[in-house]
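# Coordinates in review
Single-letter residue listing:
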Amino acid sequence: MKTMKRAAACLVLLTISGCGPRVEEEPLDFSDPQTIEESCRAWCEVDHLCCTSSLEEGFECSTWRTEEARCFAECVASESEFSFNEECRDDYYTNIACASELTCEEYVEYWKEEPGHRCEEEKNGRREMLNKGCFGM
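Definitions and limits used
Starting afresh in each chain, residues are numbered from 1 along the sequence in its written order. Only residues with pLDDT of at least 70 are given local features in this predicted model, and only at 80 or more are side-chain atom pairs given and counted; all residues enter the totals for whole chains, interfaces and linings. No hydrogens and no water enter the side-chain calculation; it runs on all heavy atoms of the structure. Starting at the N terminus, helices and strands are each numbered in turn, a helix being any DSSP run of H or I of at least four residues and a strand any DSSP run of E of at least two. Categorising residues by exposure relies on relative accessible area from a 1.4 Å probe, with only protein chains included: less than 20% of the type maximum marks a residue as buried, more than 50% marks it as exposed, and the intermediate range marks it as partly exposed. Throughout, a residue-residue contact means that at least one pair of heavy atoms, one from each residue, lies within 4.5 Å. Every residue gets a pLDDT, meaning the predictor's confidence in that residue, from 0 to 100. What makes a nonpolar core is a set of buried Ala, Val, Leu, Ile, Met, Phe, Trp, Tyr and Cys residues whose side-chain atoms join them at distances within 4.5 Å. Here a cavity means grid points, on a 1 Å grid over the protein atoms only, where a 1.4 Å probe fits yet cannot get out; a pocket means an open set of points with protein on both sides within 12 Å along at least five of seven lines; lining residues are those with an atom within 4 Å of a point. Grid points are joined across faces, edges and corners, and a volume is the space filled by probe spheres set on the points. When residues are grouped by polarity, Ala, Val, Leu, Ile, Met, Phe, Trp, Tyr, Cys and Pro land in nonpolar, Asp, Glu, Lys and Arg in charged, and all others, Gly among them, in polar. Whether two aromatic rings pair depends on their centres lying within 6.5 Å, for rings of Phe, Tyr and Trp, where Trp uses its six-membered ring; planes under 30 degrees apart make the pair stacked, over 60 edge-to-face, and the rest tilted. Count a disulfide wherever a pair of cysteine sulfur atoms falls within 2.5 Å.

### Details of the overall build of the chain
Each helix and strand in the chain was counted, giving seven helices and zero strands. When its helices and strands are written in sequence order, the chain yields α-α-α-α-α-α-α. Within the chain, the proportion of its 137 residues that are buried is 28%. Restricting to contacts in the chain with at least 6 residues of sequence separation, those with at least 24 account for 58%.

### Observations regarding the confidence of the model for the chain
Confidence in the prediction for the chain averages 74 pLDDT; 64% of positions are at 70 or higher. Mean pLDDT in the chain bottoms out at helix 1 (residues 2-18), which sits at 42, and peaks at helix 5 (residues 86-99), which reaches 90.

### Structural notes on the nonpolar core
Among the nonpolar cores identified, the biggest contains 23 residues, and W43, Y93 and Y107 are the most heavily contacted of them. Among the elements of the structure, helix 2 (33-52), helix 4 (68-81), helix 5 and helix 6 (104-111) are those that each provide at least two residues to this core. Considering every element that reaches this core, the biggest residue donor is helix 5, with seven residues.

### What to know about the layout of surface pockets
When its volume is computed, the largest pocket comes out at roughly 400 Å³. E25, L28, A97, C98 and E101 are, among the 14 residues lining the largest pocket, the residues nearest its centre. At the level of elements, helix 2 and helix 5 are the ones that each hand at least two residues to the lining of the largest pocket. Here the lining of the largest pocket takes four residues from helix 5, the largest share from any one element. Partitioning the lining of the largest pocket into residue classes produces six nonpolar, three polar and five charged.

### A look at unusual backbone geometry
Unusually for a residue other than glycine, E113 sits at a positive phi of about 55°. Its location among the elements puts E113 in the loop between helix 6 and helix 7 (120-127).

### Looking at the packing of aromatic side chains
Taken as a whole and judged by the stated rule, the model has five aromatic pairs. Arranged with centres 6.2 Å apart and planes meeting at 75°, the rings of Y107 and W111 form a pair that is edge-to-face. Placement of the pair is Y107 and W111 together in helix 6, with a separation of four residues, close to one helical turn. A relative accessible area of 28% places W111 in the partly exposed class.

### Concerning the state of the cysteines
Across all of its chains, the model carries four disulfides by this definition. The residue that forms a disulfide with C40 is C75, at a sulfur-sulfur distance of 2.0 Å. Between C40 and C75 the sulfur-sulfur dihedral comes to about -70°; the bridge is accordingly left-handed. Placement of C40 in helix 2 and of C75 in helix 4 is noted, with a sequence separation of 35 residues between them. The exposure class assigned to C40 is buried, which follows from its relative accessible area of 0%. On the basis of relative accessible area, C75 is assigned to the buried category, the value being 1%.

Below, the structure is given as structure tokens:
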């Protein structure tokens, strides 16, 4: 009987502690070059892993993306290359940071633009960069 009461008390505590207020994560600060480097490094690792594994017939990656060093260099240089303003920079790197957290299966969905993929909102934000004039066109 005591064991059941303890188990019930533990269950109540677990339930209560799981229902408390959620702390929202602070958005990444892409004005910090280290944050950009970390996001790019993680994205290029995921990209390289997922592009070099044969997950699905018909999913191909461009050559520059399969070379981790080149991928990283181009990703980090994007901020200056495209003359991003702060909003453009944040849209670009928020997308990179989201994509860096995907599994390979999710990554294929991301590149194929499957509706409802986890980074859909971030990828759409990156796409809107053209409309915002982020690429100096």
